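Structure at a glance
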Amino acid sequence: MQILDRAIGAAKLDVATYEAVEHDSNATLQAALVVIVASLLSSVGVAIALGPSYLILTTVGAVIDWALWATLLWFIGTKLAPEATTEADIGQLLRTLGFAASPGVLRIFVFIPLIGPIVAFLASIWMIVTMVVAARQALDYASTLRAIVVCVAGWLIAALVIWLFFGTAGLGINVPPV
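Conventions adopted
- Residues numbered from 1 in each chain as written.
- Predicted model: local features only at pLDDT ≥ 70, side-chain atom pairs only at ≥ 80, totals over all residues.
- Heavy atoms only, no water.
- Buried < 20%, exposed > 50% of the residue type's maximum accessible area, 1.4 Å probe, protein only.
- Helix = DSSP H or I, 4+ residues; strand = E, 2+ residues; numbered from the N terminus.
- Contact = heavy atoms within 4.5 Å.
- 1 Å grid on protein atoms, 1.4 Å probe; cavity = no way out; pocket = protein on both sides within 12 Å on 5 of 7 lines; lining within 4 Å.
- Points joined across faces, edges and corners; volume = space filled by probe spheres on them.
- Nonpolar A, V, L, I, M, F, W, Y, C, P; charged D, E, K, R; others polar.
- Core = buried A, V, L, I, M, F, W, Y, C linked by side-chain atoms within 4.5 Å.
- Phe/Tyr/Trp six-rings, centres within 6.5 Å; stacked < 30°, edge-to-face > 60°.
- Lys NZ or Arg CZ within 6 Å of the ring centre and 35° of its normal.
- Axes fitted to C-alpha atoms, helices over the stretch in contact; angles between N-to-C directions.
- Parallel < 35°, antiparallel > 145°, perpendicular 65-115°, else oblique.
- Left-handed = near helix turned anticlockwise from the far one by under 90°.
- Salt bridge = Lys/Arg side-chain N within 4 Å of Asp/Glu carboxyl O.

Turning our attention to helix α1 (residues 2-11). Taken residue by residue, α1 has R6, A7, G9, A10 and A11 as its buried positions. Looking at the buried residues of α1, the elements they touch are α2 (15-23), α3 (28-50), α5 (90-100) and α6 (115-138). One or two residues past the end of α1 sits L13, with phi positive at roughly 65°.

Here's what the structure looks like:
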């Protein structure tokens, strides 16, 4: 199954997987499915702990976060901080970042006392690493440090936008994508 193999490859930080999804324009829907599945599984854990209304709200928030963050990383990475070899479009970032969300499936265990929050935290850290690799590959960066800086800048802007539009309205949508 190609989508599962790609999700596992992304979780393993396999550069070839990121390059394959970056250049496969048909993989955008697959990337969206990875985001949705990871978010749903994470939401199940949260819904068990906090109530069922979080299931849909968290999933919708994750899809919004994914699209916003990909757009921000594209803009920052190609317009404000490109390398000489940088060549990317939003679709490439959507695909690589979508598959980078695959470790998020482990956050379903958040409801388990004691170990659940630890597993969820470690999965979130793992996702940060996969997001940096995804951004580095999609933006054709030689520098991982540049990818980290672009990801942090994009995350801060996305968090502010999400908070301004959703947090102030009391909708409780999480900041992206961790």
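Here we take up the environment of S102. Positionally, S102 belongs in the loop between α5 and α6. The class for S102 is buried, based on a relative accessible area of 8%. For the pair S102 and D14, spaced 88 residues apart in sequence, the C-alpha separation works out to 13 Å. When neighbours within four sequence positions are excluded, S102 is seen to be in contact with A7, A10, A11 and V34.

Let us now look at the layout of surface pockets. Approximately 230 Å³ is the volume attributed to the second largest pocket. Along its surface, the second largest pocket is lined by 14 residues, and L4, A7, I8, S102 and V105 are the ones closest to its centre. Elements supplying a minimum of two residues to the lining of the second largest pocket: α1 and α3. Broken down by element, the lining of the second largest pocket gets its largest block of residues, five residues, from α1. A class-by-class count of the residues in the lining of the second largest pocket yields 13 nonpolar, one polar and no charged.

Another point: the nonpolar core. One finds L73, L97 and F99 to be the most contacted residues of the largest nonpolar core, which totals 37 residues. Elements represented by at least two residues in this core include exactly α1, α2, α3, α4 (53-80), α5, α6 and α7 (144-167). Every residue in contact with L73, bar those within four places of it in the chain, is listed here: T78, L93, L97, A135, L139, V150, C151 and G154.

So, on to the packing of aromatic side chains. Counted according to the given criterion, the structure contains zero aromatic pairs. Here R146 stacks its cationic end above the ring of Y141, 5.9 Å away from the centre of that ring.

Looking now at the packing of α2 against α6. At a closest axis distance of 9 Å, the pairing of α2 and α6 adopts a crossing angle of 55°. In this view, α2 runs oblique relative to α6, as classed from their interaxial angle. Helix-helix and strand crossings are classified by hand; for α2 and α6 the assignment is right-handed. Facing V15, Y18, E19 and E22 of α2, the residues of α6 in contact are T130, V133, A134, R136, Q137 and A138. Looking at the contact of α2 with α6 residue by residue, the classes come out as five nonpolar, two polar and three charged.

All right, on to the pattern of salt bridges then. All chains considered together, the criterion is met by two salt bridges. A salt bridge links R6 to D24, with the shortest nitrogen-to-oxygen separation between them at 3.0 Å. One end of the pair, R6, is in helix α1; the other, D24, is in the loop between α2 and α3, with 18 residues separating them in the sequence. The same class applies to R6 and to D24, which are both buried. Note that R146 is salt-bridged to E83, the shortest N-O span being 3.3 Å. Of this pair, R146 sits in helix α7 while E83 sits in the loop between α4 and α5, and the two are 63 residues apart along the sequence.

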